[in-house]
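As a plain string of letters, each chain reads:
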Protein chains: 2
Amino acid sequence: MTAYKAPLDDLRFALFDVLGAEPTLTALQGGEAHTRDLIDAVLEEAGKLSEQVLAPTNAPGDSEGCRFDKATLTVTTPTGFKEAFKQFADGGWTSLTNPEAYGGQALPAVLGIATTEVFQSGNLAWSLYPLLSEGACHAMEQHGEEWHRQRYMQPIVEGRWTGTMCLTEPQAGSDLGLLKTRAEPAGQDAGGHDLYKLTGTKIFISAGEHDLTENIVHLVLARLPDAPAGSRGISMFIVPKFKVNQDGSLGERNTVAAGAIEHKMGIHACSTCVMNFDGAEGYLIGKPHKGLMAMFTMMNAARLSVGVQGLALAERALQNSLNYARERLQSRALSGPAFPDKPADNLLVQPDVRRMLLTQRAFVETSRVLLLYTALQTDIESRGGDEAARSKAGELVAFLIPIAKGVVTELAQECTKEALQVYGGHGYIGENGMEQFVRDARIITLYEGTTGIQAADLLGRKILQLQGAGLKHFLQEIGAFCQQHGADESLRGFIAPLATATRNWSDLTLKLVQRVQANPEELGAAATDYLYYSGYIALAYMAARGVAAADAGAHSAAFKQAKRDTATFYFARILPRCQTHQAAMEAGVESLPGIA
Amino acid sequence: MTAYKAPLDDLRFALFDVLGAEPTLTALQGGEAHTRDLIDAVLEEAGKLSEQVLAPTNAPGDSEGCRFDKATLTVTTPTGFKEAFKQFADGGWTSLTNPEAYGGQALPAVLGIATTEVFQSGNLAWSLYPLLSEGACHAMEQHGEEWHRQRYMQPIVEGRWTGTMCLTEPQAGSDLGLLKTRAEPAGQDAGGHDLYKLTGTKIFISAGEHDLTENIVHLVLARLPDAPAGSRGISMFIVPKFKVNQDGSLGERNTVAAGAIEHKMGIHACSTCVMNFDGAEGYLIGKPHKGLMAMFTMMNAARLSVGVQGLALAERALQNSLNYARERLQSRALSGPAFPDKPADNLLVQPDVRRMLLTQRAFVETSRVLLLYTALQTDIESRGGDEAARSKAGELVAFLIPIAKGVVTELAQECTKEALQVYGGHGYIGENGMEQFVRDARIITLYEGTTGIQAADLLGRKILQLQGAGLKHFLQEIGAFCQQHGADESLRGFIAPLATATRNWSDLTLKLVQRVQANPEELGAAATDYLYYSGYIALAYMAARGVAAADAGAHSAAFKQAKRDTATFYFARILPRCQTHQAAMEAGVESLPGIA
């Protein structure tokens, strides 16, 4: 069993000291009540729920897994999951960030992200049930009609139902243009709404079938009869598990059902379903053939949350490997016994063990700031005071999401690996819990767009197509930070290398753009290295901001020193990775010859 | 299910074209018969056995796992394991490299390593049963008495019994000096040999209990009553599961038994036991209190084989991810459809997918040469013509083993991760088999000395204590290679960076030595980065040798081009990683501040 304590101090530090969430949030439209006190209180409650209810279900849920009954085509989730979901819903967590008009509390997205970290650390597999619902709500909120929201979204917000995203098919994964599920017009329902019948098979549907709630709302990509081929012929549909009567009560069972659940490397407690649509009734949401746009609404929110999953797993893995390194007595310090009264010194005296722990700590602390920064921009984007601020925030979000998803999920692989490694052979043993983090983490670089997809989105879409608007804002902001703190004694050693890295980032981006314009294959040759390169500099900026914020705030000397130590380690041992990625990018597509 | 085809062509290329195993092996003492024809024939047979018998048991063995019966304290291995072991023993594979005096075939160690790769690719968990036996035989061969070898080693060589290494205890892992198992003198046996009774608990004992053979010989580290504290008070004992009569027949059950088997992240089919010694009878092997030396005899051989495990897993993962990338149709090439007649292009047209595949291929091909190179040096060390050659080979082996174990096992993490990533979400699904490689691979950076232990051995012992004797030979050899090929048009682009890297390696090593002499903590701060740094240069040398050997041999143009492509990729995109490791080393121990 692994321990978990919600890192409320570091969450508060990131939100308020580093990012200035107050007064930013209170200045937003409708944000008057979103004070530090309120946010603190919500974080406290999230911490309690996660520590006391979710965290204890994590290892047992992994062992027990979900069970699929072939006769009834139903899924039973592990012991305690249903009760935990009820507590979660009763506590108002399903409605946290949703609009008040549909039963929500309209709290800031950045608070949603902060609490999502805490819940995902408690139990990642469990957290996927409410997470997928959020994406479905976003899609209905932005692309649905009023009656969609009242009938299908509000029960999700109230925690009575959950939602899914049904995208992938066996032959269509990263390339959704290949999908085949058909939607045929089928008259109207009793309320006069156009009906469609959907037929096809979807795979990898998280929370596709389960026993946590009485109904499930599937948001499904499918093709209308007159759809053009490829990704421009995809529409989105609402397909409930149980049909819903005009009065909102449950009607008869729809002809959509799970055909099987997948046996996966990890997140065993998440019901990952093959979903069969056999003329299942549904409603078009959004415009015909414009389903991909609606899908991206769900996807962008989901991608940020998946980045948070990387942070959440890394945080819990770090807590446990740090505890282990403190307590495990083995060998002596290289310069002589540090604890001569004990049979051996603890692992913390070994510089190489500190390297593994500081790697985790550096990524955890800087990723947390990056993710919350991005989430705060989504609040500004949706509720900022003026159009210019909203537009700038939107461009920053678009630019940062592939980094937040792509890089943080990859770094989580490294963090959970190092955390396990600190345990030595004991890390490989199931009951110590570290190997579950590694197995659970392995999904996050795959779903909601693989790392390669994030990289292509960053370089192809956010840099080339959108002309680097978000990058420009971000570079400008880092430049201003460097100017502001250039003379600070406390930031010596950080500002100069950060300024250099930022200039290099800008120069390299320009070179890459020219290169890709000359040969589109160069995009694929550079994208993943560009993603990492960008991520390492973005996190360096967050590390430096951490030092500045700690020094400026009323913190203990130990806290300030810890932030400085994190940044020292990061700048000395992580930021230089950019050199390797730069070399790879400069080598270009010729260094990736064809394979027969 | 995953495919596996023994890479006989690349094994032959590495052995004969790159390393010149003929005439090196035939020129060794007793090596007259070890011709290319003989070695080819043995490799063919190993390939057949692995492909037809072992490989099909890999996935089912993982699902089924080992079963422990609490009533009888016995372990049942998965279906087919016993039969596979019988075929393996009947085929003479347990006796391959052992001395003829004890039923062995005295074939070269390098051939043992080459066939071990093939068997480990077939089924890593299964391969651990014979592998642990090898270490036990080595210890008895070098440290035992004649009657030890006749009574306990020969049945292992004949495949009738297996062996184990019983080192770790709950409180003593990397630091064996903390072990507590006691050995008390207990008179003599019927043959007049001194008996000892061993009491204690060992954990993580691979193949500690199983149903493959009628007896198991444990080589156990324990303390005699008069033992000094720490690692200088450890002795080694032979403790059989069933006592052995003077005539070699099995006697009564000894009081050593499995108390449990571990539930692990991977290698589920390997019986990893808690072993309880309850006054179990055994014999001292080697001198009292000198058990650690005997242990290192086992350990060094085992470490090389664990390096090979990294190669073996990476090879099979590569084969499958390459097949998948060829067959999976998804999206279009960036510069326009490559297969316009098909619904989409295959994944190979994506430069980023080629990056993932070439990463694997580069590590697989260069690691194979490095491991076989090291194994060939062990043959020269034991059977070389003159003392100087033997001594030089011994120094090379001592230097290269931590690199071969430490770096190849770490790169196997990256290779299996990338292989899974090529599959996208399908990589996360158990039945596709890729996730098993990742889970199985995770043990190899932990057992037989963690990566940190290898790094400390490399920098602390092989560089500092042994004054870098092995490194000097290796650098000299690379220098000679660069001189020889400096003007070769076909090696342009490889020789200059290799020569530069070699010079940097030498300079950096000197600087590190001075630094560590001034402050021993610097050893721990630099060791792991030094390990990677050394490994990347050693593999670059092997990549360049691959190009030279391919060009010099009678190979197809495609084969030559493939070797050149591998090296091009390696030098452009992998070798630059040295820069990051150099920066980390130069940052020193100040960049690894204490953690409270």
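First, a word on scope: everything that follows refers to the structure included in this document. (Residues numbered from 1 in each chain as written. Chains lettered and ligands numbered in written order. Predicted model: local features only at pLDDT ≥ 70, side-chain atom pairs only at ≥ 80, totals over all residues.)

Counting its secondary structure elements, chain A contains 18 helices and eleven strands. For 596 residues, the compact-globule estimate of 2.2 N^0.38 gives 25 Å, and the C-alpha radius of gyration of chain A, at 24 Å, lies within 12% of that figure. Viewed in the frame of its principal axes, chain A has a C-alpha envelope of about 80 × 60 × 60 Å. Split into buried and exposed, the 596 residues of chain A put 60% on the buried side. Sequence separation of 24 or more characterises 75% of the internal contacts of chain A that already satisfy a separation of 6 or more. (Helix = DSSP H or I, 4+ residues; strand = E, 2+ residues; numbered from the N terminus. Rg over C-alpha atoms; globule rule 2.2 N^0.38 Å. Buried ≥ 20, exposed ≤ 12 C-beta atoms within 10 Å, placed from the backbone. Contact = placed C-beta atoms within 7 Å.)

Further remarks concern the relation of the copies chain A and chain B. With an RMSD of 0.0 Å, the operation that places chain A on chain B is a rotation of 180° combined with a shift of 0.0 Å along the axis. Taken together, the rotation and translation describe the operation of a two-fold axis. Interface overlap between copies is the fraction of interface residues in one copy that are interface residues in the other; for chain A against chain B it reaches 100%, indicating a shared surface. (Least-squares fit on C-alpha atoms with pLDDT ≥ 70 in both.)

Residue and element names in this part refer to chain B. Across five bridges, strand β4 (residues 182–188) lies against strand β5 (residues 194–206) in antiparallel orientation. The partner of Glu 184 across the bridge, within β5, is Lys 197. The hairpin formed by β4 and β5 contains five residues between the paired strands, and Gly 192 there has a positive phi angle of roughly 85°. (Pairing = 2+ DSSP bridges.)

Right, let's talk about the interface of chain A and chain B for a bit. As a measure of interface size, the accessible area lost when the parts come together is often cited. Taken residue by residue, the interface counts 70 residues in chain A and 70 residues in chain B. Elements supplying a minimum of two residues to the side of chain A that touches chain B: α10 (351–383), α11 (387–422), α12 (434–441), α13 (451–465), α16 (521–552), α17 (557–574) and α18 (577–587) of chain A. For the side of chain A that touches chain B, the per-class residue count stands at 33 nonpolar, 23 polar and 14 charged. (Nonpolar A, V, L, I, M, F, W, Y, C, P; charged D, E, K, R; others polar.)

Residues and elements named next belong to chain B. By the element assignment, Phe 119 lies in helix α6 (residues 109–122). Separated by twelve residues in the primary sequence, Phe 119 and Leu 107 have C-alpha atoms spaced 17 Å apart. If sequence neighbours within four positions are ignored, Phe 119 has contacts with Ala 46, Ser 50, Leu 54 and Ser 127.

Judged by nonpolar contacts, the single largest core of 402 residues is most densely connected at A:Phe237, A:Leu372, A:Ala540, B:Phe237, B:Leu372 and B:Ala540. Look past the residues within four positions of A:Ala540 in its chain and what remains in contact with it is A:Leu498, A:Ala501, A:Tyr570, A:Phe571 and A:Leu575. (Core = buried A, V, L, I, M, F, W, Y, C linked by C-beta atoms within 7 Å.)

Glancing now at the packing of helix α10 (residues 351–383) of chain B against helix α17 (residues 557–574) of chain B. All names here are of chain B. At their nearest, the axes of α10 and α17 sit 9 Å apart, and the two run at 110° to each other. One element, α10, and the other, α17, form an angle in the roughly perpendicular class. Facing α10, whose interface residues are Leu 358, Arg 361, Ala 362, Glu 365 and Thr 366, α17 presents Thr 566, Phe 569, Tyr 570 and Ile 574. (Axes fitted to C-alpha atoms, helices over the stretch in contact; angles between N-to-C directions. Parallel < 35°, antiparallel > 145°, perpendicular 65-115°, else oblique.)

Residues and elements named next belong to chain A. Interhelical geometry of helix α15 (residues 495–518) versus α16 gives an angle of 160° and a closest axis separation of 10 Å. On the basis of the axis angle, α15 is roughly antiparallel to α16. In the packing of α15 onto α16, the handedness of the crossing is left-handed. Every residue of α16 that contacts α15 at Ile 495, Leu 498, Ala 501, Thr 502, Trp 505, Leu 512, Arg 515 and Val 516 is listed here: Glu 522, Leu 523, Ala 526, Tyr 530, Ser 534, Ile 537, Ala 540, Tyr 541 and Ala 544. Here the contact of α15 with α16 is composed, by residue class, of 13 nonpolar, two polar and two charged. (Left-handed = near helix turned anticlockwise from the far one by under 90°.)

Most peptide bonds take the trans configuration, and most residues that are not glycine carry a negative phi. In this chain, A:Glu22 is followed by A:Pro23 through a cis amide linkage whose omega measures 15°. Take A:Pro23: it is sitting in helix α2 (residues 21–24). The backbone phi angle of B:His289 is positive, close to 70°, even though this residue is not glycine. Here B:His289 lies in the loop between β11 (272–285) and α9 (291–327). Even without glycine at this site, B:Ser331 takes up a positive phi of about 65°. Relative to the helices and strands, B:Ser331 resides in the loop between α9 and α10.

Further remarks concern the environment of A:Ala55. Residue and element names in this part refer to chain A. Among the structural elements, Ala 55 can be located in the loop between α3 (36–54) and α4 (58–64). Residues Ala 55 and Val 118, 63 residues apart in the sequence, show an inter-C-alpha distance of 9.7 Å. Not counting the four nearest positions on each side in its chain, Ala 55 is found in contact with Tyr 4, Ser 50, Gly 122 and Asn 123.

All names here are of chain A. Listed as buried for helix α1 (residues 8–18) are Asp 10, Leu 11, Phe 13, Ala 14, Leu 15, Asp 17 and Val 18. Summarising the contacts, the buried residues of α1 are in contact with α2, α3, α6 (109–122), α10 and α16. Just downstream of α1 lies Gly 20, where phi reads positive at about 60°.

Shape descriptors only; they carry no functional weight alone.
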